[in-house]
Amino acid sequence: MKKLLLLVLALPSLAFAQPAADQAAAMRDAALSGDTLAWELLESLTTEVGPRLAGTEAEGRAREWAVRRLTELGFSNVHVEPFEMEVWVRGEERAEIVAPFPQPLAITALGNSGATPARGIEAEVVHFDSVAALEAAPDETVRGRIVFITHNMQANQDGSGYGPFGAPRRAGPSLASRKGAVGIVIRSIGTDYHRNPHTGVQNWADGVRPIPAGALSIPDAEQLQRILARAGERPVRMRLVLTPRNIGQRQSGNVVAEVPGSDPQAGVIVIGGHLDSWDLGTGAIDNAAGVAITTAAAHRIMQAGQPRRTIRIVLFGAEEVGVFGGTAYFERHRGDGNVVLVVESDFGADRVWRFATNFTPANADLGSRIQALLAPLGIVRGRDRANAGADLGAWATAGVAAVDLNQDGTRYFDYHHTPDDTLDKVDPAQLRQNIAAWTAVLAAAANALEPIAAPGPAPGRKRPKARPLRPHQRRAAPRGP
């Protein structure tokens, strides 16, 4: 008996692991069968506020909504941490082929696009099947023309095509401008076949003159390819009208709330998603879903009793136009020294199918407990190192522990950054599975008796350096869904 007592005292995590696991499993199952809060929050935000373009009055109303709802739900320390940013807004958007086969095309401006005159521009179209092909082309083949870049992005579960196939949007406009183009249109970075063009941010390289930059819907991009093929030696001419404008410095901000922990020495878990959205749809999957998922899961932990670790929710501003909220939060709080784990939701609301961590061997048991809790939900453990996403990724890069809950992205890029990003695209059953997964992870991590160790900076990546916020026209956009 004495030996057993000594063993229990020496290994407290074993003594308490099973009751804690049983409670976490019960909370997980309750969320899976009956969570309604996430859907209610998602419906409320997309209905009462709608589109939430960064730095605009609509994003301001979203912050007011968030403060009100988080306060009503009983979270502590609810407040806004504001920051200033340059704001770009959309204008008129039209494109048409004027010769040899006149017809309209569905187009939207890319973020930070330059503007045409009010009456538009008309020029010959020159086609490239990649950014590399444009880069290799002689400047004289581009000068005075409208560049058209296509690609072949396909749907896949992990969304990995978005990085490499996003180059036409991210790099194409600056490259086309350097070579003397008067405008650029790209095939939308998406996977659907609806006449819904996909917007998204692009940022002008230093010294580059902004030119009109737009995305054609995928059916229209393929139509333009057929027009070019049938035209043969005849020039294909396009009239393009894009009249966005920059409206100067405006305020954005991060909304912060907490579930206070019982042990201040155990550290803080930071979770969240971004509150802003593009202006074409109501931002349901990108990213009202992440706002709802993280808030509802944290609320379940709070309702179950005080956790050991504080859980801090951050609803980030201005992610879509340059991850400004994530950058501002990291720069403001990186010296606090109390953040031990970061977890982000920003890839829609379809079912979580895989998770990953960057835990050290000291937290192998915690990783195994999380794996056991997620397995009944059909979630497997991945081999990649967790990176925590766009807004919280700087923390993981700097060496803070992270967990990634990877959602099925097969249909995500059908709706991403389009007018079709609306509430009806969210499946309530899959949303509940997200809440169950998040509840399980937070229950395990927030109440773990062992310290959550810092794994150190990600291999091969430099530790982030603090830098002041700059106007987004002059900053490279970090990757984010």
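In what follows, the accompanying structure is described.

Turning next to the overall build of the chain. In terms of helices and strands, the chain carries 15 helices and 16 strands. On C-alpha atoms alone, the chain measures out to a radius of gyration of 24 Å, which is about the 23 Å that the 2.2 N^0.38 rule sets for 481 residues. Oriented by its inertia axes, the alpha-carbon framework of the chain measures out at about 95 × 40 × 40 Å. Across the 481 residues that make up the chain, the buried fraction comes to 58%. As displayed, the chain has an accessible area near 19100 Å², and 53% of this comes from carbon and sulfur atoms.

Overall, mixed pairing links the eight strands, which are arranged E3-E2-E9-E5-E6-E7-E8-E4 in an open sheet. Whereas interior strands pair on both sides, the edge strands pair on one side only; in this sheet they are strand E3 (103-105) and strand E4 (107-109). Adjacent strand axes in the sheet meet at a mean angle of 30° when their direction is disregarded. As defined by bridge partners, strand E6 (residues 146-149) adjoins strand E7 (residues 183-187) across four bridges and the pair is classed as parallel. Across the sheet, the residue bridging to Phe-148 is Val-185, located in E7.

Another point: the pattern of salt bridges. Note on pairing: side chains with opposite charge can pair once their charged atoms come close. The final tally for this structure, using the stated rule, is 24 salt bridges. A salt bridge links Glu-81 to Arg-332; its shortest N-O distance comes to 3.9 Å. You can see Glu-81 sitting in strand E1 (residues 76-89) and its partner Arg-332 sitting in helix H11 (residues 324-333), a full 251 residues away along the chain. In this structure, Glu-96 engages Arg-239 in a salt bridge whose closest nitrogen and oxygen atoms are separated by 3.0 Å. Residue Glu-96 is found in strand E2 (residues 93-99), and its partner Arg-239 is found in strand E9 (residues 237-242); the two are separated by 143 residues along the sequence. Exposure remark for Arg-239: the relative accessible area of 29% places this residue in the partly exposed category. Via salt bridges that share partners, Glu-96, Glu-122, Arg-237 and Arg-239 belong to a single interconnected network.

Our focus in this paragraph is the nonpolar core. If you look at the biggest cluster of nonpolar residues, it comprises 95 residues, and the most contacted ones within it are Phe-75, Val-147, Ile-271, Leu-341 and Leu-374. Sequence-distant contacts of Phe-75, defined by excluding residues within four places in its chain, comprise Leu-70, Ala-257, Glu-258, Val-259, Thr-295, Ala-298, His-299, Met-302 and Ile-313. Counting residues in hydrophobic clusters, the runner-up holds 34 residues, among them Ile-146, Ala-231, Trp-278 and Ala-328.

So, on to the packing of aromatic side chains. Per the counting criterion, the structure on display carries seven aromatic pairs. Pairing Tyr-412 with Phe-413 gives two aromatic rings, centres 5.0 Å apart and planes at 85°, and the pair type is edge-to-face. When its relative accessible area of 4% is taken as the criterion, Tyr-412 is described as buried. Take Phe-413: its relative accessible area is 4%, and that puts it in the buried class. Site record: aromatic cluster; members linked through ring pairs are Tyr-162, Phe-347, Tyr-412 and Phe-413. The positively charged end of Lys-425 is found above the aromatic ring belonging to Tyr-415, 5.5 Å away from the centroid.

Across the interface, helix H10 (residues 284-303) lies against helix H15 (residues 428-446) with an axial gap of 9 Å and an inter-helix angle of 50°. Relative to H15, the element H10 is oriented oblique. Here the hand of the crossing between H10 and H15 comes out right-handed. Taken together, the residues of H15 that come into contact with H10 (itself represented by Ala-292, Ile-293, Thr-294, Ala-296, Ala-297, Ala-298, Arg-300 and Ile-301) are Leu-431, Asn-434, Ile-435, Trp-438, Thr-439, Leu-442 and Ala-443. Residue composition of the contact of H10 with H15, by class: eleven nonpolar, three polar and one charged.

The next thing to look at is helix H13 (residues 389-398). The element H13 is largely enclosed, with a buried count of eight among its ten residues. Of all the residues in H13, the buried ones are Ala-390, Asp-391, Leu-392, Gly-393, Trp-395, Ala-396, Thr-397 and Ala-398. Looking at the buried residues of H13, the elements they touch are strand E11 (268-274), strand E12 (310-316), H11, strand E13 (339-344) and strand E16 (401-407). Of the residues trailing H13, Gly-399 is marked for its positive phi of about 120°.

Another aspect to go through is the sheet that holds E12. Across a sheet, strands are paired by hydrogen bonds formed along the backbone, either parallel or antiparallel in direction. Read across the sheet, eight strands follow the order E1-E10-E12-E11-E13-E16-E14-E15 without closing on themselves; strand pairing throughout is mixed. Only two strands of the sheet have a single neighbouring strand rather than two, namely E1 and strand E15 (380-381). Pairing of E1 with strand E10 (residues 245-259) involves twelve bridges; the strand directions are antiparallel. From the neighbouring strand, Val-80 faces E10, where its bridge partner is Val-255.

Conventions and cut-offs
- Residues numbered from 1 in each chain as written.
- Predicted model: local features only at pLDDT ≥ 70, side-chain atom pairs only at ≥ 80, totals over all residues.
- Heavy atoms only, no water.
- Helix = DSSP H or I, 4+ residues; strand = E, 2+ residues; numbered from the N terminus.
- Rg over C-alpha atoms; globule rule 2.2 N^0.38 Å.
- Buried < 20%, exposed > 50% of the residue type's maximum accessible area, 1.4 Å probe, protein only.
- Areas by Shrake-Rupley, 256 points an atom, 1.4 Å probe, with all protein chains shown as cover.
- Pairing = 2+ DSSP bridges.
- Axes fitted to C-alpha atoms, helices over the stretch in contact; angles between N-to-C directions.
- Salt bridge = Lys/Arg side-chain N within 4 Å of Asp/Glu carboxyl O.
- Core = buried A, V, L, I, M, F, W, Y, C linked by side-chain atoms within 4.5 Å.
- Contact = heavy atoms within 4.5 Å.
- Phe/Tyr/Trp six-rings, centres within 6.5 Å; stacked < 30°, edge-to-face > 60°.
- Lys NZ or Arg CZ within 6 Å of the ring centre and 35° of its normal.
- Parallel < 35°, antiparallel > 145°, perpendicular 65-115°, else oblique.
- Left-handed = near helix turned anticlockwise from the far one by under 90°.
- Nonpolar A, V, L, I, M, F, W, Y, C, P; charged D, E, K, R; others polar.

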